[in-house]
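# Descriptive structure summary
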Amino acid sequence: MLQVAGLSAYYGRAHILDDVALDVGGGEVVVLLGRNGAGKSTTMKAIMGLVPPSAGNVRFAGAEIGGREPFEIARLGLGYVPEERRIFTGLSVMENLEVGRRPATAGLRPWTPERLFALFPSLGAMRDRPGGRMSGGEQQMLTIARTLMGNPRLILLDEPSEGLAPVVIERMAEAIRALKAEGLSILLSEQNLHFAQLVSDRATIIEKGRIRWSGSIAELLAADEVREQYLSV
Amino acid sequence: MENLVLQALSGLASASSLFLVASGLTVIFGVSRVVNFAHGSFYMLGAYLAYTLVTQLPRGHLGFWGGVVGAALLVGLIGLAVEVLLLRRIYRAPELFQLLATFGVVLIVQELTQMVWGAQDLLGPRAPGLRGSTEILGLRFPLYELFLIGVGPVVLGLLLLLFHRTRWGTLVRAATQDREMVGALGVNQRMLFTSIFFLGSLLAGLGGALQLPRESVNLHMDLSIITEAFVVVVVGGLGSLTGAALAALLIGEMHAFGILIAPKITLVLVFLVMALVLVVRPHGLLGKPEAAARGGQGSAEPMIGPAPGPLRWLALTALGLAVVVPPFLGDYALSVLTELATAVLFAASLHLIMGPGGMASFGHAAYFGLGAYGAALAAQWLGAPMLVGLALAPLAAGVFGLVFGYFCVRLSGVYAAMLTLAFAQIAWSVAFQWVEVTGGDNGILGVWPDAWAAPKLVFYYLALALCLGATLLLRRVVHAPFGYALRAQRDSALRAEAIGINAFRIRWLGFALAAAAAGIAGGLFAYGKGSVFPTFMGIPRSVDALLMVLLGGVQTLSGPIIGALAFTGLQEQLVRLTDLWRLILGAVIVALVLFFPQGLAGAARARWEARHGDA
Amino acid sequence: MATLEVAGLEKSFGGVRAVQGVSFAVSPGEMLALIGPNGAGKSTCFNMLNGQLKPDAGAVRLLGCDITGLAPRQVWRLGVGRTFQITATFGSMTVLENVQMALLSHHRRLGELWRPVARMDAAPARALLERLGMADQAARPCGILAYGDLKRVELAIALANEPKLLLMDEPTAGMAPQERISLMALTAGIARESGIAVLFTEHDMDVVFGHADRILVLDRGRLIAEGAPAAVRADPRVREVYLGSGAVTGAH
């Protein structure tokens, strides 16, 4: 579904991504693990076209998307849920969803507000509430729902558990498993290994802009020295 | 009583026209965050194009209304072209840069309009079917005014529907807050921005075209409407349509009744109201506080470090030349050099609040002018000798800096810039309208140096010593704790407050210090020219100061000096060499913003650092 | 005497009661954690302690002295250091200059117009950075610092005026697991050594249960539990509204 090869990016003169390679198969959840500043968010932004890559290829659903505009990439069926949530605080829940709305994608059940409210029940109770008057957890749900309205085939989910209460993170994990069951592919970035292992099939570890390790979750759980070295848990 | 009703009605008609222009401005600002100075030029173009179309098309309803609508559409397309060719490239640039770029467009449009339509006023035909007047309470009232009263609310209603009931409107409101995110959700935000510029410019063009039957079309329409439109937009709250409508109503009625009640202070009145509103409601009547920039990491502005070696040598050489060469120069060259010295200090004083202070001032000329008037009034009414006048200049400017700054530094961003503009306009209006004391438009003449300083050469050395001394003092301040505190509150207001820094007091004192320094420059300028005029405090001079600072580069200490020399030199040469100086200056400004967003000194430093490879 | 005493704190926003009747105290050298679901009122509560918000009712006392409703800069002068959830430092200054600013402000020398900052309070600032293991970063601009290092700079700034109380809003948000532990260990060490009371909010349960001496749990503006980590972890109400099953906190 998504193949990234040799992806590099600079910020000013600092090399922030160096030869990053990863892939996500259809219906698969892959987690990108690494500490803050390791390059997780930048990888996602580079895939989405929000950070210009200096080298490398990004292929999505068979098409090369490297160097394209973010809106073109989104229209191909790649959804992006940013780390800082970035909901439109002046718009109501329904209006936020409207901004994300795009035509249905062949082979996937189209998302409607009603289906999303079934997935995130707390949102259904506040359809007309402005985004600015929602709690952090509710905003996180809304930002995912908003991206789903575009009927993506794959979503980039940047640190969805950051700053959320454990009970809310558990609900988030359920929602992600439900999305996977729908056939959606997900590239997740995380620091919370407990959460990541609940929802992911495979893991890739990034540090200082380079991929250090890749394997299945089971392999990661068995590889104490890898976790020790890169994740320090 | 009947008179008052008619006065109120004619206020409504003005409010309606004002709203058309202001709504376009506020809509464009809301989405793109660009304060579009060229909006007034679009208004003027609307009037000129409507004049041409209406007089060329067959007479009658179709010809007139077709001409008005056609002019509005054409102006919309011109706005679209400006967005695509210029503004699209500078959305990420700082606000003031965008403002400057659009000011460059103002100059270009002025020159081109004069080339196409000539300098004389043009009178258009009256609207068919609305030529006569009707009787209201026994008094006659023009039908066309009545028609205009209806246009405003209709346009407001349509715009509100458009923004709140259509998908396009929802997307626009989302983009207002976070354009990048809207793009990541699959919306082509470039098209969105271009369409909003089309709409906003169209509204300006329509506003201008509808003036055709009311007043003559002339080359001053652009700047006179843009200041009023700014006032309306700021009073209403940036980006708020309903706010703009309310403010237009307020300003329109105030114009209508101001003439009856206080004809002597009509010019001041509008700006007083704006200042008052902003003091009570810092974000305008219906505006919302601007969301803090995402990330909140403090700015990653480059640090202020010691000047690199080559620059130091360059500066010393320039200084050496400035001291050694003048005895061999003629009077004209000496007065140009004197002017350059004052320009350097003027720019350096503005730089203190813009660079380290992080505040935008759009009315810095007020303090330059107050210094000049302080010295001139002392000479005129008290017969004060020159040195007393020169001592009074920074005092006057500094005291007013304290008073005006007390209000200005509480605001931030565009609101602060607009409040500084309001105070500068108030100062200008007083100088212009208080004829008994200031001589009004004729200014104060005969402000000459004392006998010992009368030779041009002596006065030049005096100006050089004072301006250079004050500029170096300002540099010293930037490296001292006070300058660091200024930068601290700019970098992170939250952190500054959390370590006991009273940001308000620091900003306030910084503002007053800059005002006093500008006052020195103004005082010297007055004695150098022998006279003072209200234009010393006008908008163009404030823009000059901004240009000098931005031309040099905000984030370098040498920037304002280089900028002042480059700008004053360029303008001097242009005015001497060509009639088309506005066109060329406008083009230079636009090119500068596009190609040297860090300013000349900033660009030089970036190249120097790249070559010497330090991090 | 307790360093900080809070009694009956109340705050409403447009009819919504964000904080209701919150009372607690922190002793010198103690690490007290304030936890709870999003929107429970933690930030509101925190912002009332250092003066960013004025409480509708209730009192905040620092070493017995009433500081309710004072401005943040006044609260700081009385000895309350603060770090932010999203780090707030002066990006255009070096690490050393950031700390110098706090020291200069503490010594009330920010009005000086003549002497360059470079020569003022540099030695004590360097000593402070030494203590936090940041001495080798002293000359780097904060604008380009890694996030974990910025958190340490903030801590150095907060310690510059020898505070009696440290308020830390999500001190380890956005840090890697090992950095979290080492920052909190450092903080706890300094707190105990200098008798500084520390109040912090936190979402990372490893940090909370690893470093807090005592925990307060806030839900819908009210305190629903208070006590030692083990007791709070076992509290069924806390599990229901906040901690959950433990699946995502590594505490099954």
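No experiment lies behind these values; they were computed from the predicted model shown.

To continue, consider the overall build of chain A. Scanning chain A for helices and strands turns up 10 helices and 10 strands. For 233 residues, the compact-globule estimate of 2.2 N^0.38 gives 17 Å, and chain A sits close to it at 17 Å. When its C-alpha atoms are laid out on the principal axes, chain A stretches across 45 × 35 × 35 Å. Buried positions account for 58% of the 233 residues belonging to chain A.

Moving on, we come to the overall build of chain B. Tallying secondary structure elements over chain B gives 25 helices and four strands in all. Taking 2.2 N^0.38 as the reference for a compact globule, 615 residues should give roughly 25 Å; the C-alpha atoms of chain B span a radius of gyration of 25 Å, in line with that estimate. Principal-axis analysis of the C-alpha atoms places the extent of chain B at approximately 75 × 60 × 50 Å. Per-residue burial for chain B yields a buried fraction of 56% across its 615 residues. Sequence separation of 24 or more characterises 81% of the internal contacts of chain B that already satisfy a separation of 6 or more. Accessible surface, chain B as shown: approximately 24,400 Å² in total, 69% of it carbon and sulfur. For chain B, the distance from the average site of its 35 positive side-chain charges to the average site of its 27 negative ones is 8 Å.

Residues and elements named next belong to chain C. With mixed pairing, six strands are arranged side by side in an open sheet as 6-7-8-3-9-10. Each edge of the sheet is formed by a strand with only one pairing partner; in this case those strands are strand 6 (80–83) and strand 10 (222–227). Adjacent strand axes in the sheet meet at a mean angle of 15°, parallel and antiparallel pairs treated alike. With four bridges joining them, strand 3 (residues 31–35) and strand 9 (residues 214–219) adopt parallel strand pairing. For Leu34, the partnering residue across the bridge sits in strand 9 and is Leu216.

A few words now on the interface of chain C and chain B. The interface of chain C with chain B comprises 39 residues on the first partner and 32 residues on the second. Interface of chain C and chain B: buried area, both sides summed, is about 3,000 Å²; carbon and sulfur atoms make up 62% of it. A per-residue breakdown of the area chain C buries against chain B is headed by Arg73, Phe90 and Ser92 of chain C, which together make up 22% of the total. For the pair chain C and chain B, the interface holds 16 residue pairs in polar contact (both at pLDDT 80 or more). The set of elements that each furnish at least two residues to the side of chain C that touches chain B consists of helix 2 (72–77), strand 6, helix 3 (95–106) and helix 5 (147–159) of chain C. Among the elements that line the side of chain C that touches chain B, the one with the most residues is helix 3 of chain C, at five residues. By residue class, the composition of the side of chain C that touches chain B is 21 nonpolar, 10 polar and eight charged.

Let us now look at unusual backbone geometry. All names here are of chain A. Of note, Arg86 is a non-glycine position whose phi angle comes to about 50°, a positive value. Topologically, Arg86 is positioned in the loop between strand 6 (78–81) and helix 3 (93–100). Residue classification places Arg86 among the buried residues on the basis of a relative accessible area of 5%. A positive phi is found at Lys208, a non-glycine position, where the angle reads about 45°.

Quick look at the nonpolar core now. One finds Leu2 and Leu156 of chain A, Phe362 of chain B together with Met101 of chain C to be the most contacted residues of the largest nonpolar core, which totals 344 residues. For Phe362 of chain B, the residues in contact, after removing those within four places along its chain, are Phe37, Leu96, Leu99, Ala417, Thr420, Leu421, Ile539, Ser542, Val543 and Leu546 of chain B. Leu4, Leu49, Val60 and Leu165 of chain C belong to the second largest nonpolar core, which has 25 residues in total.

Now for the interface of chain A and chain B. With 25 residues of chain A in contact, the opposing surface of chain B contributes 20 residues. Joining chain A to chain B, the criterion identifies five salt bridges. A salt bridge links Glu69 of chain A to Arg190 of chain B, with the nearest nitrogen and oxygen atoms 3.5 Å apart. Counting the contacts that link chain A with chain B gives 11 residue pairs in polar contact (both at pLDDT 80 or more). Listed by contribution, the elements that provide at least two residues to the side of chain A that touches chain B are helix 2 (70–75), helix 3 and helix 6 (136–148) of chain A. Among the residues making up the side of chain A that touches chain B, the classes are represented as 11 nonpolar, four polar and 10 charged.

All names here are of chain B. Taken domain by domain, chain B comprises domain 1 (39–118 + 152–280) and domain 2 (329–542). Just the C-alpha atoms count here: the centres of domain 1 and domain 2 sit 32 Å apart. Counting residues at the interface gives 20 residues for domain 1, matched by 21 residues for domain 2. A buried area of about 1,900 Å², summed over both sides, lies between domain 1 and domain 2, and 81% of it is on carbon and sulfur atoms. Taken together, the connections running from domain 1 to domain 2 amount to zero salt bridges.

Parameters and conventions
- Residue numbering note: each chain is counted from 1, following its sequence as written.
- Going through the entries in the order they are written, you letter the chains from A and number the ligands from 1.
- In keeping with the model being predicted, local features are shown solely for residues with a pLDDT of at least 70 and side-chain atom pairs are shown and tallied solely at 80 or more, while totals for entire chains, interfaces and linings include all residues.
- As a rule here, side-chain values come from all non-hydrogen atoms in the structure, and water together with hydrogens is ignored.
- Numbering of helices and strands starts at the N terminus; helices are DSSP runs of H or I of at least 4 residues and strands are runs of E of at least 2.
- A radius of gyration in this sense is built from C-alpha atoms; the matching globule rule multiplies 2.2 Å by the number of residues raised to 0.38.
- Relative accessibility thresholds used throughout: buried, under 20% of the residue-type maximum; exposed, over 50%; partly exposed, between the two (1.4 Å probe, protein chains only).
- Contacts between residues were defined by any pair of non-hydrogen atoms, one from each residue, lying within 4.5 Å.
- Each accessible area is a Shrake-Rupley result for a 1.4 Å probe, and residues are judged covered by the shown protein chains and nothing else.
- Charge assignment: positive for Lys and Arg, negative for Asp and Glu; neither His nor the chain ends contribute.
- Here the site of a charge means atom NZ of a Lys, CZ of an Arg, CG of an Asp or CD of a Glu.
- At least two DSSP bridges between two strands are needed for those strands to be called paired.
- Angles run from 0 to 180 degrees between N-to-C directions of axes, and those axes are lines fitted to C-alpha atoms, restricted for helices to the stretch in contact.
- Buried area: the accessible area, evaluated with a 1.4 Å probe, that two parts lose upon being put together, summed over both parts.
- Whenever a nitrogen or oxygen atom comes within 3.5 Å of another N or O atom, the pair is scored as a polar contact, on the condition that within protein one atom can donate a hydrogen and the other can accept it, and that pairs from neighbouring residues in sequence are kept only if both atoms are in side chains.
- Classes in brief: Ala, Val, Leu, Ile, Met, Phe, Trp, Tyr, Cys and Pro nonpolar; Asp, Glu, Lys and Arg charged; the others, Gly included, polar.
- In these notes, a set of buried Ala, Val, Leu, Ile, Met, Phe, Trp, Tyr and Cys residues joined through side-chain atoms within 4.5 Å is what counts as a nonpolar core.
- Salt bridges, as used here, are contacts in which a Lys or Arg side-chain nitrogen is within 4 Å of a carboxyl oxygen on Asp or Glu.
- What marks off one domain from the next here is an automatic or database domain assignment.

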